[in-house]
Amino acid sequence: MTIASLASLSFVPNAKQFAAHQHLTLSFSHVWQIEAGFVRTVTWSEDGTLVVLGIWGAGDVVGRALTKINPLQIECLTKVQASLVAIDSLHHLSDILLTHLHYSEELMLIRGSKRADLMLVKLLSWLADRFGQTTRQGKLINLRLTHRDLAELLGTTRVTITRILNQLEQQKYIQRLPLQQIVLQQEALWHYEI
């Protein structure tokens, strides 16, 4: 979460505050407008395997009314500020649905890679493009995703993610910072994918 998004936590009227790992309530008639912070939407397969459906940040809208997936859970990845909005009051619902479709398709394409290292490289690039901040060193991904979070996003193991992150860091494609922050050297990653 950036300094700006932390500062904005106290200025959005009617917004509610949520702690990391807290769940947002679900309603068929209302959705959550994310004002600051990050959430993930998840479900479970028939064998109990967690399936991450998406990661959403400031400006995104999430909720039960936007999906047929059941069960569904919205979990805060960071401190979150969100406003509850009636679904019938949204004037741009088709744009919201198209955004959900677009991001879901991108995640499906990332998960469709045959190699775990390419999946992770593509995921990091996607996260950097979607949520990253440009710095002198590269693109900062300040989502604070753990190795387990990344593994759940890709449907792989934490051990595999740790091994690949170590390789990417040794090869200077990424730089890991404290608090699970990652800086991507995007030019180098583009060459990695070829």
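Counting restarts for each chain, with residues numbered from 1 along the sequence as it is written. A pLDDT threshold of at least 70 governs which residues receive local features in this predicted model, and a stricter bar of 80 or more applies before side-chain atom pairs are shown or counted, although totals over entire chains, interfaces and linings include all residues. To get the side-chain values, all heavy atoms of the structure are used, and hydrogens and water are removed first.

**Topic: the confidence of the model for the protein**
So, point 1. Predicted confidence across the protein gives a mean pLDDT of 87, with 88% of residues reaching 70 or more.
So, point 2. One number per residue, pLDDT, summarises how confident the predictor is, and it ranges from 0 to 100. We call two residues in contact whenever any of their non-hydrogen atoms come within 4.5 Å of each other. Throughout residues 1-10 the model reports pLDDT below 50, and contacts reaching past four residues in sequence, or to other chains, amount to 17 contacts.

**Here we look at the packing of helix α3 (residues 116-131) against helix α5 (residues 158-170)**
So, point 1. It is at 10 Å that the axes of α3 and α5 come closest, and there the two elements cross at 70°. With respect to α5, the element α3 is oriented roughly perpendicular. Between α3, through A116, D117, L120, V121 and L124, and α5, the contact on the second element is made entirely by T160, I161, I164, L165 and L168.
So, point 2. Polarity classes work like this: nonpolar for Ala, Val, Leu, Ile, Met, Phe, Trp, Tyr, Cys and Pro, charged for Asp, Glu, Lys and Arg, and polar for all others, with Gly in that last group. For the contact of α3 with α5, the residue count by class is 8 nonpolar, 1 polar and 1 charged. To get an axis, fit a line to the C-alpha atoms, keeping to the stretch in contact for a helix; angles then go from 0 to 180 degrees between the N-to-C directions. Each helix corresponds to a stretch of at least 4 residues labelled H or I by DSSP, and each strand to a stretch of at least 2 residues labelled E; elements are numbered beginning at the N terminus. Should an angle fall under 35 degrees it is called roughly parallel, over 145 degrees roughly antiparallel, and 65 to 115 degrees roughly perpendicular, with every other angle called oblique.

**Observations concerning the pairing of strand β5 (residues 50-56)**
So, point 1. The rule for pairing is simple: two strands pair if DSSP sees at least two bridges between them. Looking at chain direction, strand β4 (residues 39-44) and β5 are connected through 6 bridges and run antiparallel. Looking across to β5, one finds that W44 is bridged to L50.
So, point 2. The antiparallel hairpin formed by β4 and β5 contains 5 residues in its connecting segment, where G48 sits at a positive phi of about 90°.

**Describing the sheet that holds strand β7 (residues 73-76)**
So, point 1. Read from one edge to the other, the open sheet built from 4 strands follows the order β2-β7-β4-β5, with strand pairing classed as antiparallel. The open sheet has two edge strands, β2 (23-24) and β5, and neither has a second partner.
So, point 2. The pairing of β4 with β7 spans 4 bridges and is antiparallel. Bridging across to β7, T41 finds its partner in I74.
So, point 3. This element, helix α4 (residues 147-154), spans β4 and β5 of the sheet and lies at about 105° to β5.

**Observations regarding the pattern of salt bridges**
Think of it this way: side chains of opposite charge can pair up when their charged atoms draw near.
So, point 1. Here a salt bridge means any side-chain nitrogen of Lys or Arg lying within 4 Å of a carboxyl oxygen belonging to Asp or Glu. On inspection of all chains with the given rule, the structure shows 6 salt bridges.
So, point 2. Linking R40 and E75 is a salt bridge whose minimum nitrogen-to-oxygen distance equals 3.0 Å. With R40 in strand β4 and E75 in strand β7, this pair connects stretches of sequence that are 35 residues apart.
So, point 3. For D60, the salt bridge identified is with R130, shortest N-O distance 2.8 Å. Placement of D60 in the loop between β5 and β6 (61-62) and of R130 in helix α3 is noted, with a sequence separation of 70 residues between them. Each member of the pair, D60 together with R130, is buried.
So, point 4. Salt bridges here are not isolated pairs; linked through shared partners, they connect R40, E75, R148, D149 and E152. Partly exposed residues are those whose accessible area sits between 20% and 50% of the maximum for their type, while under 20% is buried and over 50% is exposed, using a 1.4 Å probe and protein chains only.

**A word on the side chain of R130**
So, point 1. For R130, a relative accessible area of 19% translates into the label buried.
So, point 2. Any pair of N or O atoms that falls within 3.5 Å is considered a polar contact. Within protein, one atom must be able to donate a hydrogen and the other to accept it, and sequence-neighbouring residues count only if both atoms are side-chain atoms. Polar side-chain contacts of R130 include one of 3.2 Å to the backbone oxygen of I55.
So, point 3. Each residue touching R130, except ones within four places of it in the same chain, is listed here: I55, W56, G57, D60 and Y103.

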